[in-house]
Amino acid sequence: MFPSNKTPNRKPARRPMLNMYWMYAMIGLALVGLYYFQNNDQTREVNWTEFEKTAMAGDIEKIVVNYSSGEADGFLTEAGAKRLKFDMQPGFEGQRKIETTIPSTDKVQEKIDSWNAALAAQGKPAITVNYEKGSDLMRIFWAFGPILLIFLGWYFISKKMSGGPGGGGGIFNVGKSKATVFDKDKGTNVTFKDVAGLAEAKVEIEEIVEFLKNPQRYTELGAKIPKGALLVGPPGTGKTLLAKAVAGEANVPFLSMSGSDFVEMFVGVGAARVRDLFKQAKDKAPCIVFIDEIDAVGRARGKNPNMGSNDERENTLNQMLTEMDGFGSNNGVIILAATNRADMLDKALLRPGRFDRQIYVDLPELTDRMEIFNVHLRNIKVSANIDVEQLARQTQGFSGADIANVCNEAALIAARNNKLEVEWNDFMAAIDRIVGGLEKRSRIITDDEKFSIATHEAGHATVTWMLQYGNPLVKVTIVPRGRALGAAWYAPDARQIIPTQALLDTMCGLLAGRAAEDLFTGQIGTGASDDLEKCTKIARSLVMVYGMSNKLPNINFNDSTGQDYGFSKPYSEETAELIDKEVTRIVNEQYERAKDILRQYSSQHNAIRDMLVKNEVIFHDDVQKILGPRKWKSRTDEIIEINKKEEENRIKNDSGQNNPDSLPIPGNTKTRQPSPAKQQDSESDDDGTPPPFNK
Ligand code: ATP
């Protein structure tokens, strides 16, 4: 059965098997057990008469009288223990004793003295006697000690569990929210100036700033202010930054918490934290509540109650839904949440009245990347010849966080080399390092290994060059980096719509390394496993997600909400077989296609391979010299051309209208520095756009 889109009913929470009461019971039992079993003496209770008889028979060597408990212990001689039939197994290290209640504590000393006198008369050794006062404190300790220990144990565990930033810590704060609060004194200091690119997201979110600053403008017209907005996008694209900027611009407190902070081992804690967070927010209104990684609590509630559902998380989510319903829309609290997986979220969260707005924060395009570089280069001393546009071209597919990392890494590399400013080479080294990991020149590689790595990488380079949708090649290297022994780097073209042929071409390019090994060395190696994994995944998506295979057209077997249906598959065994056959067929076809291309261009492949063996790194231009110019333009270049045309039109219109107040189009800012001479040969020409997509 396919999933229905209906919101799952809120169901009463089931208590998990292992809740905190069970844990207390177990700790308590362990302590009581410890108390009773640690005493390994053999003890038998007797009445006073029997005790006296044993003493008079000379079977007791020592008596301990405890006045406060009113009891006496008689420690037996070996003969006495045997006579009373105690267990006499060898190796026993405890003591054997009899225990009795004293009839009269006043007279006990007199009585024992009389026994000793009688024993002396019979020529038997006297009994040693200890009279202990005993303390009430000890008795109280034994009565309440275990309970005290249980509470202490709970205290320390809960303190540990609720530790962390903002966590009050301890048993009494376990249900308090762990939100980090930035208020007017300790503001976020982030404004829209710090957020580069993201023009559309900013427009949408600026409205929220307006709601917070001038609510009456909306309420007077009878409009309801939205309760929340969901920022959706890949990791590191600036969602948190944007939320902070809203608080900074509106100059309101900002309560920030991560979805995973709600989740706790103890039942009910998540819901208590949600209640506390919303209470804090109401007290601080107008304010912004920011919940990062909301998917940690907001994931769609499971349909199968026995499979993988997490009741504590569901309780927390239910509480969040209730709280969002509970407060009025115009009370000045706006909830922003961020996620990388909006498709996984419970539909109930997304309905109007909760997170009524979804704002998409995508990976930055070329102009956005230029702006992000400009923001992060503000505090870095860079040499005059750094071309921001070139840097942005080199970092296709990078998120804002990656770009921030490139800038920082480049500065670190320059500092390591005692430079006074950060140069182009430092940026290139930083990009290489971020994409491929550290260079490992020290790893020893034999000539044979070098030859097969070069054959493999030259295979990728040759075939990708000859495919329409092959991404523009940046460089090929056989210097080990990170876990890879070699790599061909491409600038991925961020296409909005991917045609079937593009998927097939990508698969063909991925299989080209293995195909080249097979064709030119006669033996295949394990180095292609990563390529094969990626290729198989694409083939599977082609059949199961995009419905692009001829045998199973237009069917999607994927459940993007990640809901759980146990072990059942939403297709029959025959269909499963057909899927497998289709996947295998498509992969095999692309493998043969890669081989065909390599056969056709074998001399060029071998030239690239030999150059690689000799130089270890070759660039786009070197490959172009061998294979000739590519027939197809890269999408990035097309975008650059479109941007240039738009910019020219804008300038024309502006000067035509001669309107000094016209606003610049966001995202169209050009290079930060005067554009210098084009960079090194390899990066300078049309298709030589780089970055990193390590295969
Ligand atoms: P995640 O989904 O992993 O939580 P995120 O989308 O919330 O990531 P942020 O934490 O906002 O990403 O971004 C991390 C860092 O990346 C920021 O502190 C900032 O330095 C940099 N950054 C990201 N996007 C931008 C941007 N558009 N402009 C300037 N800096 C950015």
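Preceding this paragraph is the structure being described.
The structure reproduced in this document is the subject of the present report. Bear in mind that the values here come from a model prediction, so they are computed numbers and not experimental data. (Residues numbered from 1 in each chain as written. Predicted model: local features only at pLDDT ≥ 70, side-chain atom pairs only at ≥ 80, totals over all residues. Heavy atoms only, no water.)

1. Structural notes on the overall build of the protein chain
Next up, step 1: From N to C terminus, the protein chain includes 24 helices and 14 strands.
Next up, step 2: Put simply, 77% of the contacts in the protein chain that link residues at least 6 apart link residues at least 24 apart. (Helix = DSSP H or I, 4+ residues; strand = E, 2+ residues; numbered from the N terminus. Contact = heavy atoms within 4.5 Å.)

2. Comments concerning the packing of aromatic side chains
Next up, step 1: In this structure the tally under the stated criterion is seven aromatic pairs.
Next up, step 2: Between the aromatic rings of Phe211 and Tyr218, the centroid separation amounts to 4.5 Å while the plane-to-plane angle is 75°, which identifies the pairing as edge-to-face. Tyr218 matches Phe211 in its accessibility class, with the two residues each being buried.
Next up, step 3: Every member of this aromatic cluster is reached through a ring pair, and the members are Trp48, Phe51 and Trp115.
Next up, step 4: The ring of Phe86 has Arg44 lying over it, and the distance from NZ or CZ to the ring centre is 4.3 Å. (Phe/Tyr/Trp six-rings, centres within 6.5 Å; stacked < 30°, edge-to-face > 60°. Buried < 20%, exposed > 50% of the residue type's maximum accessible area, 1.4 Å probe, protein only. Lys NZ or Arg CZ within 6 Å of the ring centre and 35° of its normal.)

3. Focus: the packing of helix H17 (residues 447–465) against helix H22 (residues 620–627)
Next up, step 1: One way to put it is that H17 packs onto H22 with a least axis distance of 11 Å and a crossing angle of 65°. Comparing the axis directions of H17 and H22 gives the class roughly perpendicular. Read as a crossing pair, H17 and H22 show a hand that is right-handed. When H17 is examined against H22, the residues Ala461, Thr462 and Trp465 are found in contact with a partner set consisting of His620, Val623, Gln624 and Leu627. (Axes fitted to C-alpha atoms, helices over the stretch in contact; angles between N-to-C directions. Parallel < 35°, antiparallel > 145°, perpendicular 65-115°, else oblique. Left-handed = near helix turned anticlockwise from the far one by under 90°.)

4. Digging into the environment of Asn189
Next up, step 1: Within the secondary structure, Asn189 sits in the loop between strand S6 (180–182) and helix H6 (199–213).
Next up, step 2: In this structure Asn189 comes out as exposed when scored by relative accessible area, which is 71%.
Next up, step 3: C-alpha separation for the pair Asn189 and Glu249, spaced 60 residues apart in sequence, amounts to 8.7 Å.

5. Quick look at a nonpolar patch on the surface
Next up, step 1: A cluster of nonpolar side chains, contributed by Ile140, Phe144, Ile147 and Phe151, occupies part of the molecular surface with about 420 Å² of accessible area.
Next up, step 2: On the secondary structure map, Phe151 appears in helix H5 (residues 136–161).
Next up, step 3: For Phe151, a relative accessible area of 47% gives the class partly exposed. (Patch = residues over 30% accessible without salt bridge, like charges linked within 9 Å, V, L, I, M, F, W, Y side chains within 5 Å. Areas by Shrake-Rupley, 256 points an atom, 1.4 Å probe, with all protein chains shown as cover. Salt bridge = Lys/Arg side-chain N within 4 Å of Asp/Glu carboxyl O.)

6. Things to note about the site of the ligand
Next up, step 1: What surrounds the ligand is a group of 18 residues, the closest being Ala196, Gly236, Lys239, Thr240 and His376.
Next up, step 2: In this structure, Lys239 approaches the ligand through a side-chain N or O atom, which is 2.8 Å from an oxygen atom.
Next up, step 3: Contact between the ligand and Ala401: an oxygen atom at 3.4 Å from a main-chain N or O atom of the residue.
Next up, step 4: The fraction of the free accessible surface of the ligand (640 Å²) that becomes covered by protein chains is 78%.
Next up, step 5: Listed by contribution, the elements that provide at least two residues to the shell around the ligand are helix H8 (239–250), helix H13 (366–377) and helix H15 (400–416).
Next up, step 6: For the shell around the ligand, a count of residues per class yields eight nonpolar, seven polar and three charged. (Near = heavy atom within 4 Å. Polar contact = N/O pair within 3.5 Å; in protein donor to acceptor, adjacent residues only side chain to side chain. Nonpolar A, V, L, I, M, F, W, Y, C, P; charged D, E, K, R; others polar.)

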